[in-house]
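One-letter residues, chain by chain:
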Amino acid sequence: MPMALMTVSLRKKSLHIQVLVLTLLWFAALSSTAAAVFPSANKFPEKNSGPFAAVQQPEFLPVDEAYKQDFLFTEDGASAIFQIASDYYLYRGKLAIYQVYKGDKTALPLTLRAGEVIWDDYFNKETEVYRQQLEVPLPLGAAAGVNAPVRLEVHYQGCADAGLCYPPQVRSFEIDVATGKSVPIESATVVANRAQANGTNLNTTGLNLSLALLLAFAGGLLLNFMPCVFPVLSIKLLAISQNATNTTERQLHGWLYSAGVVVTFVAVAALMLALRAGGEAVGWGFQLQSPVLVAALVYLFVVMGLSLSGLTEFGTRLMGIGSNLGHGGKFSGSFSSGVLATIVASPCTAPLMGSALGFAVTQPTLLALVIFAALGAGMAAPFLLLTYVPKLAECLPRPGPWMERFKQLLAFPMYLTAVWLLWVLGRQSGGDGVALVLCGVVAIAFALWLWPRSSWQWGKGALALVVILGAVALLPRLPAMGTTMSAPLASSGYWQRYSPELLESGRNAGRPVLVNMTAAWCVTCLANEKLVLSSEGVSALIKELKVLPLKGDWTNQDPQISALLNHYGRTSVPLYLLYPSDGGEAVILPQILTREGVLSALRAAALPGQSFNKELTFN
């Protein structure tokens, strides 16, 4: 009996050491994420108190409130007037005014006063800007031979001192100098397209808290259908099947899994809000912009795969799988399954999520976290429902010998997930980073092979711990490699790398512009590009209509992409914008693209004023 008690004690001590190893691994990843990838995360605005002070109120004005435009008419002609909000500025080099006649644009010569010269972090150079008010005389009127109404296009761009830079803007007006009237012009097609797009992706300015909570919950439900969540859900279904005859245990598994999901959603959201308050241009799913955390997830999924293959029980203990485990291990495994599912799923953006999360980051901290909790509740709801509905539980297969074989089969989705994460890491840190992490994977596999099985052995156990800590110690080297890398421009060959300057030049030339904001870790983005944007019909129509296709890769942090996402009320990718050729506002395309919808939208943008059937296809 004493020997049996000692064996149980040693097994408990081994489990505690395993949990400690996992804690060290996650602590190294998360601390490197905050300290190395986001070096200013510990710096908060001096004007406010508390880490979330900067997000307690909407931080930035809508662009048309930050830069109000009007016209001043005199006997000699007219002037364009910009009223610039306090703590905002307008770029001199981005200001241009065009006279439009029968589709042709002629740049008007502008006489501009000297501005203030500042160091601009957005363009990383000294830049001349205007504040408060700017008057721009226009060469219009009788003296210039202009007697009839004319159409003008005003191009401009500006930033806020707090760090947000708006994308280039275009506004159209009809000016009649003789009568002293100016009328804003907006294409009817653009208005119709925007209304259609907002039917799927609601504009965040029209949301209230109740609707945002509903959209967040619905978006969380849809996350369960995203490929990145399948590996974890399949494991939990196996664990539930092992306890299908015990109603109390099954329901407790459901609640602990749900708690892990909701708590992790709130924790990740709180970290994101804190980083944003500290001046970092981060969004939802930002954690996978860190090579350190991506590498840590590679380690974890490899460990889980080896565990399911039978090399060790380390991963199966964490996931609550294994008939020889005590109740404590199974229940803690359910909670950790929820944590892992959230970490892996959060970079995915399901339909309806974008507007809710864009609304959340403009709210006081407590309300924002409630919205993120609703998102987690939506993701956890189907699994929790499964544990409470007897008829659904009866559909689960009964426990039996088949489970061991099925458990081994589930190892392969784990390995495939690790391969996908290694591909993401290659986009971030290059081949050297992938090689470094693969060395760490081999070290961890060796440590698990060495790990004591039946009873704790200090020699083997200590050596295994040293090897695991050595693999963890490799992680801090990754950000240094990643800072010199820029994610390569892939997949469709027709894309050009996004920049505000290229977007502005395309619009000035009167071309429709398609902007694709994506990331290597965004499964929705990859599916849209592979199935729709890379299809032969879409590629051919883009070339035929002379559409300028721009791709912004957010795999690594990019402040220019973050600024564009913020402007359109989005916290993450995908974001698809289609700017029409007549200079109107951009149309936001749905997050889940269809080939027919994109073809129709491209035609409408290239030929404004004409309508097209959504079911039209391009041959």
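The preceding data block contains the structure.
This write-up is about the structure you can find in this document. Only a predicted model underlies this, so the values are computations on that prediction, with no experimental measurement involved. (Residues numbered from 1 in each chain as written. Predicted model: local features only at pLDDT ≥ 70, side-chain atom pairs only at ≥ 80, totals over all residues. Heavy atoms only, no water.)

## Some remarks on the overall build of the protein chain
Check the secondary structure of the protein chain and you find 21 helices and 17 strands. Counting every position in the protein chain, which comprises 619 residues, the buried fraction comes to 54%. In the protein chain, once contacts between residues fewer than 6 apart in sequence are set aside, the share between residues at least 24 apart is 74%. Surface exposure of the protein chain reaches about 26600 Å², of which carbon and sulfur atoms provide 62%. (Helix = DSSP H or I, 4+ residues; strand = E, 2+ residues; numbered from the N terminus. Buried < 20%, exposed > 50% of the residue type's maximum accessible area, 1.4 Å probe, protein only. Contact = heavy atoms within 4.5 Å. Areas by Shrake-Rupley, 256 points an atom, 1.4 Å probe, with all protein chains shown as cover.)

## Side note on the pattern of salt bridges
Applying the stated criterion to the full structure yields 10 salt bridges. Salt-bridge contacts for Glu 153 lead to Lys 105; the nearest nitrogen and oxygen are separated by 2.9 Å. Of the two residues, Glu 153 is situated in strand 9 (residues 150-156) and Lys 105 in strand 5 (residues 104-107); the sequence distance between them amounts to 48 residues. Arg 131 is paired through a salt bridge with Asp 161; the nearest N and O atoms lie 3.1 Å apart. One end of the pair, Arg 131, is in the loop between strand 7 (125-130) and strand 8 (133-138); the other, Asp 161, is in the loop between strand 10 (158-160) and strand 11 (169-176), and 30 residues separate them in sequence. Arg 131 gets classed as partly exposed once you look at its relative accessible area, which sits at 24%. One network of salt bridges, with partners in common, ties together Asp 64, Arg 171 and Glu 585. (Salt bridge = Lys/Arg side-chain N within 4 Å of Asp/Glu carboxyl O.)

## Overview of empty space enclosed by the protein
Taken as a whole, this structure holds 5 cavities of 30 Å³ or more when the rule is applied. Approximately 60 Å³ is the volume attributed to the second largest cavity. The wall of the second largest cavity is formed by Pro 167, Pro 168, Gln 169, Val 170, Arg 171, Arg 507, His 567, Tyr 568, Tyr 579, Gly 584, Glu 585 and Ala 586. Broken down by element, the residue count for the lining of the second largest cavity peaks at 3 residues, all from strand 11. In terms of residue class, the lining of the second largest cavity is built from 6 nonpolar, 3 polar and 3 charged. (1 Å grid on protein atoms, 1.4 Å probe; cavity = no way out; pocket = protein on both sides within 12 Å on 5 of 7 lines; lining within 4 Å. Points joined across faces, edges and corners; volume = space filled by probe spheres on them. Nonpolar A, V, L, I, M, F, W, Y, C, P; charged D, E, K, R; others polar.)

## Some words on the packing of helix 7 (residues 291-309) against helix 14 (residues 411-450)
How two helices pack is summed up by the angle between their axes together with the distance between the axes. Running from amino to carboxyl end, helix 7 crosses helix 14 at an angle of 30 degrees, the nearest separation of the two axes being 6 Å. The angle between helix 7 and helix 14 places the two elements in the roughly parallel class. Regarding helix 7 and helix 14, the two cross each other, and that crossing is right-handed. Of the residues assigned to the contact of helix 7 with helix 14, the class counts are 25 nonpolar, 6 polar and no charged. (Axes fitted to C-alpha atoms, helices over the stretch in contact; angles between N-to-C directions. Parallel < 35°, antiparallel > 145°, perpendicular 65-115°, else oblique. Left-handed = near helix turned anticlockwise from the far one by under 90°.)

## Some remarks on the environment of Leu 293
Following the sequence through the fold, Leu 293 ends up in helix 7. Exposure remark for Leu 293: the relative accessible area of 0% places this residue in the buried category. For the pair Leu 293 and Ile 343, spaced 50 residues apart in sequence, the C-alpha to C-alpha distance is 9.9 Å.

## Notes on the sheet that holds strand 10
Strand order in the open sheet formed by 4 strands is 6-7-3-10, with antiparallel pairing between adjacent strands. Here the strands that pair on one side only, and so sit at the sheet edges, are strand 6 (116-120) and strand 10. Sheet twist, expressed as the average angle between the axes of neighbouring strands with direction ignored, equals 45 degrees. Bridge analysis of strand 3 (residues 88-91) against strand 10 gives 3 bridges, and the strand direction is antiparallel. Paired with Leu 90 across the strands is Gly 158, a residue of strand 10. (Pairing = 2+ DSSP bridges.)

## Let's talk about helix 19 (residues 536-544)
Here helix 19 has its buried residues at Gly 537, Val 538, Leu 541 and Ile 542. Buried residues in helix 19, looked at end-on, bunch into an arc of 130 degrees, giving them a common side. Seen from the buried face of helix 19, the exposed residues on the opposite side, beyond 90 degrees, are Glu 536, Lys 543 and Glu 544. Directly after helix 19, the chain includes Lys 546, whose backbone phi takes a positive value near 55 degrees. (Arc of directions from axis to C-beta.)

## Overview of the pairing of strand 1 (residues 67-74)
In terms of strand pairing, strand 1 meets strand 2 (residues 77-84) through 8 bridges, oriented antiparallel. Residue pairing for strand 2: Phe 71 is matched across the bridge by Ala 80. Counting the residues in the hairpin turn of strand 1 and strand 2 gives 2 residues.

## Some thoughts on the sheet that holds strand 1
Spatially, 3 strands are ordered 1-2-8 in an open sheet, and the strand pairing comes out antiparallel. Only two strands of the sheet have a single partner each, and these edge strands are strand 1 and strand 8. Averaged over all pairs of adjacent strands, the angle between strand axes in this sheet comes to 20 degrees, irrespective of strand direction. Sheet topology places strand 2 next to strand 8; 6 bridges connect them, and they run antiparallel. Looking across to strand 8, one finds that Gln 83 is bridged to Gln 133.

## Observations concerning the nonpolar core
Among the nonpolar cores identified, the biggest contains 81 residues, and Val 437, Val 515, Trp 521, Val 573, Leu 577, Tyr 579 and Leu 602 are the most heavily contacted of them. If one sorts the elements of this core by residue count, helix 7 sits on top with 15 residues. Excluding residues that lie within four positions of it along the chain, Val 515 makes contacts with Tyr 498, Leu 503, Leu 550, Leu 564, Leu 575, Tyr 576, Leu 577 and Tyr 579. If you look at the next biggest cluster of nonpolar residues, it comprises 37 residues, including Val 63, Phe 71, Leu 140 and Tyr 156. (Core = buried A, V, L, I, M, F, W, Y, C linked by side-chain atoms within 4.5 Å.)

## Quick notes on the packing of aromatic side chains
A ring pair, where both rings are aromatic, is described by two values, the distance of the centres and the angle of the planes. Taken as a whole, this structure holds 11 aromatic pairs when the rule is applied. An angle of 65 degrees between the planes, with centres 5.5 Å apart, marks the rings of Phe 82 and Tyr 156 as edge-to-face. Taken together, the residues span a long stretch of sequence, with Phe 82 in strand 2 and Tyr 156 in strand 9 at a distance of 74 residues. For Phe 82, a relative accessible area of 1% puts it in the buried group. Take Tyr 156: its relative accessible area is 1%, and that puts it in the buried class. Look at Tyr 494 and Trp 495: their rings are 4.9 Å apart centre to centre, the planes differ by 35 degrees, and that puts the pair in the tilted class. Three or more aromatic residues link up through ring pairs in this structure, and these residues are Tyr 67, Phe 82, Tyr 88 and Tyr 156. (Phe/Tyr/Trp six-rings, centres within 6.5 Å; stacked < 30°, edge-to-face > 60°.)

## Some words on the packing of helix 19 against helix 21 (residues 595-606)
Running from amino to carboxyl end, helix 19 crosses helix 21 at an angle of 5 degrees, the nearest separation of the two axes being 10 Å. By the criterion of interaxial angle, the relationship of helix 19 to helix 21 is roughly parallel. Here Gly 537, Val 538, Leu 541 and Ile 542 of helix 19 come into contact with helix 21, specifically with Arg 595, Val 598, Leu 599, Leu 602 and Arg 603. Looking at the contact of helix 19 with helix 21, its residues break down into 6 nonpolar, 1 polar and 2 charged.

## Some remarks on the state of the cysteines
Under the definition given, this model contains 1 disulfide. Between the sulfur of Cys 522 and that of Cys 525 lies a disulfide, 2.2 Å long from S to S. Taking the torsion about the sulfur-sulfur bond, which here is approximately 80 degrees, the covalent link between Cys 522 and Cys 525 counts as right-handed. When sorted by exposure, Cys 522 lands in the same class as Cys 525, which is buried. (Disulfide = S-S within 2.5 Å.)

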